[in-house]
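Per-entry structural report
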Amino acid sequence: MVTVFRGTAGNGSKVLDHETVGARDNQIEIDEVQRGSSEMESLLTISGRSSGPGALVDKCKNALECFAASSEEVADRKRTEDILAERTVALATLGELASEIAHELNNPLAAVMTFAHLLKSQDLPGGVGEDVDKIFTEAQRAAKVVHNLLAFARRHEPEKEYTDVVGAVNRALSLKERDLSANDIEVRTDYQNGLPKTMADEHQLTQVFLNILTNAGQAMTEHNGRGTLWIRGWQEGSNLRFSFRDDGPGISPEHIEKIFDPFFTTKEAGTGTGLGLSMCYRMVRAHGGKIWVESEVGVGTTFFVELPIEEPRADEVAEVVDEAPSKIKGKWILVVDDEAVFTDPLCRILSRDGHVVEVARDGEEAWLAIGRKRYECILMDVRMPGLGGKELYRRIKEQDEALAKRVIFATGDTLNPDTQEFLESTGNPWLGKPFSMEELETRIQECLAQQA
């Protein structure tokens, strides 16, 4: 006979119903075990004709044990898939959120950097000049933090330069020096002499080291109220290796397995996002390196960062220019941007360079200005209220292709996929806000040189 048992995968198997179908010969056989993929329902079919009820019962028990194990395996896989799906949605949401806030953050940062540049060029009394330098440097760092958050969300590749990694560690230490000292944490460093440079994104590495230092400092302060942090750097074969060892509480084995997972945190609600170490992991891996942790509860924790030693390619070595070309001055430039706090200092800087600068607050105002006057260069934002930069560019191109080629885009939304696609489709130069005045001057001079 054929007996059909139906059960639902989950916490063990539960027989929902059974049915006698018919009779056959004298041997018990398991015909098949089928797993339903959509409803997570499994079907077990046992056929045969028993020489006694005991043999059939034993066979059914064995089959149901296999069925239960199989059902639990399917349930575990389903739970894992659900967790991964939730994390995928969370990361996608983070990407959208990061893209939206980047534009709002980068515009004021651009204004701070532009005003700081304007102040730096003036004769300032006492230590005011040094203060302005610090404002400018910290604004740059804040901009890079925003960029790295976007890089995490969009999986953006690091911008590598020939870098002294020890310098990046010391840079992170200088930023944490006051906090570490205030919390009675002693830092001891030991770097091997003559460590080579490597191709790396210094800002990303500084962010990695800063995150490790922050976590170590918090752990030691909460555990002991003080502590010691040992930092070593040495060459290991064809790699650079750095270790950060603290004498904090250590990390439990069940937590250490998840330490680099996105959104995992042992901190209280509201005090940690769970993104710091996962960002570190992604940044280090993007450099072709490794990051790992060793810990003993009650003794302390050591984080290791290993980076490959990579020499710059010939095309990555900056050429030495004997004599800078003379600047092109006295040209008409149109700045199209709705952020007055950004355009005001920018216009003052460009006017100081001898250009005649006019401002349009949106696309419609710019379109009217273009109809009245011929500009040698247009610096244009992409996202603006009303007529935005994309539509304005299309209008300019339809009417005057030569003028369209003299458009330089400036935007704080460069990692938005739609913005990226648009910028690539135009082939025009662009600047990501906040940008340095040196970058802007280079782009404007390149634009004006094409017409000389």
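On a predicted model such as this, the values are computed, not experimentally measured, just so you know. (Residues numbered from 1 in each chain as written. Predicted model: local features only at pLDDT ≥ 70, side-chain atom pairs only at ≥ 80, totals over all residues. Heavy atoms only, no water.)

**A closer look at the sheet that holds strand 8 (residues 227-236)**
Ordered by their spatial adjacency, five strands build an open sheet running 6-8-9-11-10, and the pairing between neighbours is mixed. Both outer strands of the open sheet, strand 6 (185-191) and strand 10 (290-296), are each paired with one neighbouring strand and no more. Within this sheet the neighbouring strands show an average axis-to-axis angle of 15°, counted without direction. Relative to strand 9 (residues 239-246), strand 8 runs antiparallel, the two being bridged by eight bridges. Looking across to strand 9, one finds that Q235 is bridged to L240. Sitting on the sheet, helix 3 (residues 165-182) is in contact with strand 6, strand 8, strand 9 and strand 11 (300-308), with an inclination near 170° to strand 6. Lying over the sheet, helix 6 (residues 276-286) contacts strand 10 and strand 11, oriented at roughly 135° with respect to strand 10. (Pairing = 2+ DSSP bridges. Helix = DSSP H or I, 4+ residues; strand = E, 2+ residues; numbered from the N terminus. Axes fitted to C-alpha atoms, helices over the stretch in contact; angles between N-to-C directions. Contact = heavy atoms within 4.5 Å.)

**A short note on the environment of Y375**
If you trace the backbone, Y375 turns up in the loop between helix 8 (363-372) and strand 14 (377-380). Measuring from C-alpha to C-alpha, the distance between Y375 and W332 comes to 5.1 Å, with 43 residues separating the pair along the chain. Beyond its immediate stretch of four places on either side in the chain, Y375 contacts W332, I333, L334, E358, A369, I370, L403 and R406. Polar side-chain contacts of Y375 include one of 2.5 Å to the side chain of E358. (Polar contact = N/O pair within 3.5 Å; in protein donor to acceptor, adjacent residues only side chain to side chain.)

**Some words on the packing of aromatic side chains**
For any pair of aromatic rings, geometry is given as the distance between the ring centres together with the angle between the planes. Following the criterion strictly, the structure yields nine aromatic pairs and no others. Considering the side-chain rings of Y393 and F422, the 6.0 Å spacing of their centres and the 85° angle between planes classify their relative orientation as edge-to-face. Of this pair, Y393 sits in helix 9 (residues 389-399) while F422 is found in helix 11 (residues 417-426), placing the two residues 29 residues apart along the sequence. Pair check on accessibility: Y393 and F422 agree, each one buried. Counting every residue linked through ring pairs, the aromatic cluster contains F209, F242 and F244. Geometry around W230 places R245 over its ring, the cationic atom sitting 4.0 Å from the centre. The lysine or arginine in question, K433, covers the ring of F342, its NZ or CZ lying 4.6 Å from the ring centre. (Phe/Tyr/Trp six-rings, centres within 6.5 Å; stacked < 30°, edge-to-face > 60°. Buried < 20%, exposed > 50% of the residue type's maximum accessible area, 1.4 Å probe, protein only. Lys NZ or Arg CZ within 6 Å of the ring centre and 35° of its normal.)

**Considering the pattern of salt bridges**
Within this structure, the stated rule accounts for 14 salt bridges. Ionic pairing is found between E306 and R241, a salt bridge with its closest N-O pair at 2.4 Å. Of this pair, E306 sits in strand 11 while R241 sits in strand 9; the two residues are 65 residues apart in sequence, bridging distant segments of the chain. This pair shows no difference in class: E306 is buried, exactly as R241 is. (Salt bridge = Lys/Arg side-chain N within 4 Å of Asp/Glu carboxyl O.)

**Remarks on the sheet that holds strand 16 (residues 430-432)**
Pairing is parallel across the open sheet formed by five strands, whose spatial order is 13-12-14-15-16. A single partner strand is all that each edge strand has here, and the edge strands are strand 13 (356-360) and strand 16. Ignoring which end each strand starts from, the neighbouring axes of this sheet average 20° apart. In terms of strand pairing, strand 14 meets strand 15 (residues 407-411) through three bridges, oriented parallel. Within strand 15, the residue paired with I378 across the bridge is V407.

**Regarding unusual backbone geometry**
A cis geometry characterises the amide bond from K433 onward to P434, with omega recorded as -10°. Within the secondary structure layout, P434 lies in the loop between strand 16 and helix 12 (437-449). Positive phi, normally seen in glycine, also occurs at D184, with a value near 60°.

**Side note on the packing of helix 7 (residues 340-352) against helix 12**
At a minimum axis distance of 12 Å, the contact between helix 7 and helix 12 shows a crossing angle of 55°. When the axes of helix 7 and helix 12 are compared, the pair comes out oblique. As for the relative orientation of helix 7 and helix 12, their crossing is right-handed in sense. In this structure, helix 7 uses L346, I349 and L350 to contact helix 12, whose residues at the interface are M437, L440 and I444. (Parallel < 35°, antiparallel > 145°, perpendicular 65-115°, else oblique. Left-handed = near helix turned anticlockwise from the far one by under 90°.)

**Re the nonpolar core**
Core analysis: the largest hydrophobic core is formed by 36 residues, its most contacted members being V208, F209, F242, F244 and V305. At the level of elements, helix 3, helix 4 (202-224), strand 8, strand 9, helix 6, strand 10 and strand 11 are the ones that each hand at least two residues to this core. Among the nonpolar cores identified, the runner-up in size contains 22 residues, and A111, A410, C447 and L448 belong to it. (Core = buried A, V, L, I, M, F, W, Y, C linked by side-chain atoms within 4.5 Å.)

**Details of the side chain of N428**
With respect to the helices and strands, N428 occurs in the loop between helix 11 and strand 16. Looking at N428, the relative accessible area reads 8%, which means it is buried. A polar side-chain atom of N428 sits 3.4 Å from a polar atom in the side chain of Y393. In terms of polar contacts, N428 uses its side chain to reach the backbone carbonyl oxygen of V407, at 2.9 Å. Aside from chain neighbours lying at most four places away, what touches N428 is Y393, A404, K405, V407, F409 and L423.

**Focus: the confidence of the model for the protein**
Confidence in the prediction for the protein averages 77 pLDDT; 69% of positions are at 70 or higher. Overall, residues 1-50 carries pLDDT values under 50, and its contacts beyond four positions in sequence, including any with other chains, amount to 116 contacts. Predicted confidence is poor over residues 318-324, with pLDDT under 50, and the contacts of this stretch with residues over four places away or in other chains come to zero contacts. (pLDDT = per-residue confidence, 0-100.)

**Thoughts on the side chain of T411**
Mapped onto the elements of the fold, T411 is located in strand 15. Those residues in contact with T411 that sit more than four places away from it in its chain are D381, V382, T419, L423, L431, G432 and K433.

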